[in-house]
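# Fold and contact review
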Amino acid sequence: MPAQFLNAFNIRKRNDAADARAIWMAVQQPDKPIAMKTRCSRRRLHCTVAVMGVRIFTKPESGKREMHSTCKVTNKFRYNSTAILGVMRALEMIHKMYQVDSFSGQVFGGNPAAVLVLDEWLPDSLMQAVAAENNLAETAFVKPAGDAWDLRWFTPTVEVDFCGHATLAAAHVLVTEYAIPGPLSFSARVGQLKVEILENGYLLDLPCIHPDGASPLPAAIQPLFCDIAVCHFRNFENIFIELTDEDAVRSYKPDLNKLAELGPVGLVITAKSQDYDFVSRYFAPGAGIPEDPVTGSIHATLVPFWAEHLGKNKLSAFQASQRGGHLLCELKENRVTIEGKAATFMKAEIYLPD
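Let me sum up the structure you'll find in this document. Note that the coordinates shown come from a computational prediction; the quantities given were computed from them, not determined experimentally. Residue numbers restart at each chain and count upward from 1, following the sequence in its written direction. Totals for whole chains, interfaces and linings use every residue, but because this is a predicted model, local features are given only for residues with pLDDT of at least 70 and side-chain atom pairs only at 80 or more, for both listing and counting. No hydrogens and no water enter the side-chain calculation; it runs on all heavy atoms of the structure.

## What to know about the packing of aromatic side chains
Worth spelling out the cut-off: Any two of the Phe, Tyr and Trp rings considered here, Trp counted by its six-membered ring, make a pair once their centres fall within 6.5 Å; the pair's planes then place it as stacked at under 30 degrees, edge-to-face at over 60, or tilted in between. Geometrically, a lysine NZ or arginine CZ counts as sitting over a ring once it is within 6 Å of the ring centre and also within 35 degrees of the ring normal.
Applying the stated rule across the entire model yields ten aromatic pairs. Taken together, the ring pairs connect Phe233, Phe240, Phe278, Phe305 and Trp306 into an aromatic cluster. The residue whose ring lies beneath Arg152 is Trp121, and the NZ or CZ to ring-centre distance is 5.2 Å.

Printed below as a string of structure tokens:
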């Protein structure tokens, strides 16, 4: 039993500690009755509360001040109110967290993201601290909103408006760990995102964000691309530069200090490819992401750009990072779809401060 759980009871008596252990075992093994011993009054024993969506009950032997009881988790249970407060405080400190490799059918590929499924949002500062502790490109926080889900994403340094691979990771966790049937609908800052369950993966449905070619390149990065840039454009969160060829993209060595001068704005480099329709890489050091392995959100703008240049709506894309990722994309009017797989790498319990 975690020490944080035991400490949450503010234990003063040996029996309180025994109750704490019994509750912990009941939560972990809901089908197994557990004997308990308590000195609480009948009135306090008959306090009913919900814990983790179930109720915990102890039935005292009548007429005895020191009562033996049995604890089991079902739908109509009651429990000692002193211990309940401890349970509730403890459960607020313990959260399940998953780490998922998105756009990969197996671990150690694609782009890792952490996922926490919540009942309500944690304070923004705490969610940011969790993301900083994880030190992944994104940590996704998701909570129910009627028949759909609200979704937020944090890099190690900032909250972001749009993230594709962490959306895929969140959908994968809801489907595989919480048995939520598809299709899934998410509400986020960028708008509505949808995920369908395929026979061998998922279909990520994103808003199409058309490129804007009117903005000049920031002065800080102009000298970095003067000899290899074909054109540039941008969207609300990233700058995109088409380079002369695929080799220029693959061999590019970023000046991360210069790119960090863009602040939270990311930089995408892209080119036509021989083996795929196009390749890309993505850097956002000012947002805590030196290079992102596989980025779903940038394809919401890359796909309409390359669809126009190549004259087709179904595109095969490759993100040429060290881990790398292959994405099958399609432009559908004002939406972009991406096929991808996901693999769970880790399940964990994290302990948060009060």
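## Some words on the side chain of Asn238
Applied cut-off: A run of H or I in DSSP becomes a helix once it reaches four residues, and a run of E becomes a strand once it reaches two; helices and strands are each numbered from the N terminus. Only protein chains enter the accessibility calculation, which uses a 1.4 Å probe. A residue is then buried if its area is under 20% of the maximum for its type, exposed if over 50%, and partly exposed in between. Contacts are residue-level and defined by heavy atoms, with any inter-residue pair within 4.5 Å sufficient.
With respect to the helices and strands, the residue Asn238 is situated in strand β14 (residues 238-243). By relative accessible area, Asn238 is classed as buried at 1%. With residues near it in sequence (within four places) discarded, Asn238 still touches Val265, Gly266, Val268, Tyr282 and Ile298.

## What about helix α6 (residues 165-177)?
The following threshold applies: Expected span of a helix: the number of residues minus one, times 1.5 Å.
Here α6 spans 18 Å end to end across 13 residues, near enough to the 18 Å set by a 1.5 Å rise per residue. Those residues of α6 not exposed but buried are His165, Ala166, Thr167, Leu168, Ala169, Ala170, Ala171, His172, Val173, Leu174 and Val175. Looking at the residues trailing α6, positive phi occurs at Ala179, about 55 degrees.

## A closer look at the pattern of salt bridges
Any two side chains of opposite charge can pair, on the condition that their charged atoms come close. For clarity, the cut-off: By convention in these notes, a salt bridge is any Lys or Arg side-chain nitrogen within 4 Å of a carboxyl oxygen on Asp or Glu.
With the rule as written, the count across this model stands at twelve salt bridges. One salt bridge connects Arg189 with Asp161, and the closest N-O pair in it is separated by 2.9 Å. One end of the pair, Arg189, is in the loop between β10 (184-188) and β11 (191-198); the other, Asp161, is in the loop between β9 (159-160) and α6, with 28 residues separating them in the sequence. Via salt bridges that share partners, Asp124, Arg152, Glu159, Asp161 and Arg189 belong to a single interconnected network.

## Re the environment of His172
To keep things clear, this is the line we draw: Two N or O atoms count as a polar contact when they lie within 3.5 Å, although within protein this holds only if one can serve as hydrogen donor and the other as acceptor, and sequence-adjacent residues are included solely when both atoms are side-chain atoms.
Assignment of secondary structure puts His172 in helix α6. Beyond its immediate stretch of four places on either side in the chain, His172 contacts Val100, Glu177, Tyr202, Ala342, Ala343 and Thr344. A distance of 2.9 Å separates the side chain of His172 from the side chain of Thr344, its partner in a polar contact.

## A short note on unusual backbone geometry
Here Gly182 and Pro183 are connected by a cis peptide whose omega angle stands at -5 degrees. By the secondary structure assignment, Pro183 is in the loop between α6 and β10. Positive phi is not limited to glycine here, since Phe103 has a value of about 60 degrees. With respect to the element layout, Phe103 can be found in the loop between β5 (94-102) and β6 (111-117). On the accessibility criterion, Phe103 (7% relative accessible area) is buried.

## Re helix α5 (residues 124-134)
Every buried residue of α5 is accounted for by Leu126, Met127, Gln128, Val130 and Ala131. Just downstream of α5 lies Asn135, where phi reads positive at about 55 degrees.

## As for the pairing of β10
Rules: Note on pairing: two strands pair once DSSP finds at least 2 bridges between them.
Burial of β10 is one-sided: the residues Leu184, Phe186 and Ala188 facing one way are buried, the residues Ser185 and Ser187 facing the other way are not. The pairing of β10 with β11 spans five bridges and is antiparallel. Considered in β11, the bridge of Ala188 is made with Gly191. Between β10 and β11, which pair antiparallel in sequence order, lie two residues.

## A closer look at the environment of Glu261
Assignment of secondary structure puts Glu261 in the loop between α8 (256-260) and β15 (266-272). Sequence separation between Glu261 and Ile221 is 40 residues; the distance between their C-alpha atoms is 8.7 Å.

## Examining the nonpolar core
Our working definition: The definition of a nonpolar core used throughout is a set of buried Ala, Val, Leu, Ile, Met, Phe, Trp, Tyr and Cys residues joined through side-chain atoms within 4.5 Å.
Counting residues in hydrophobic clusters, the biggest one holds 56 residues, and the most contacted among them are Trp153, Phe186 and Ile338. With eight residues, the top contributor of residues to this core is α6. Leu217, Phe225, Val249 and Leu267 belong to the second-largest nonpolar core, a separate cluster that totals 18 residues.

## Here we look at the pairing of β14
For a regular strand, side-chain orientation follows a simple rule: the groups alternate between the two sheet faces. Most of β14 is tucked away, with six of its six residues classed as buried. Going residue by residue along β14, you find Asn238, Phe240 and Glu242 tucked away on one face and Ile239, Ile241 and Leu243 tucked away on the opposite face as well. In terms of strand pairing, strand β13 (residues 229-234) meets β14 through five bridges, oriented antiparallel. Bridge assignment links Arg234 to a residue of β14, and that residue is Ile239. Hairpin remark: β13 followed by β14, antiparallel, with three residues in the connecting loop. Note: β14 against β15, five bridges, orientation parallel. Looking across to β15, one finds that Asn238 is bridged to Gly266.

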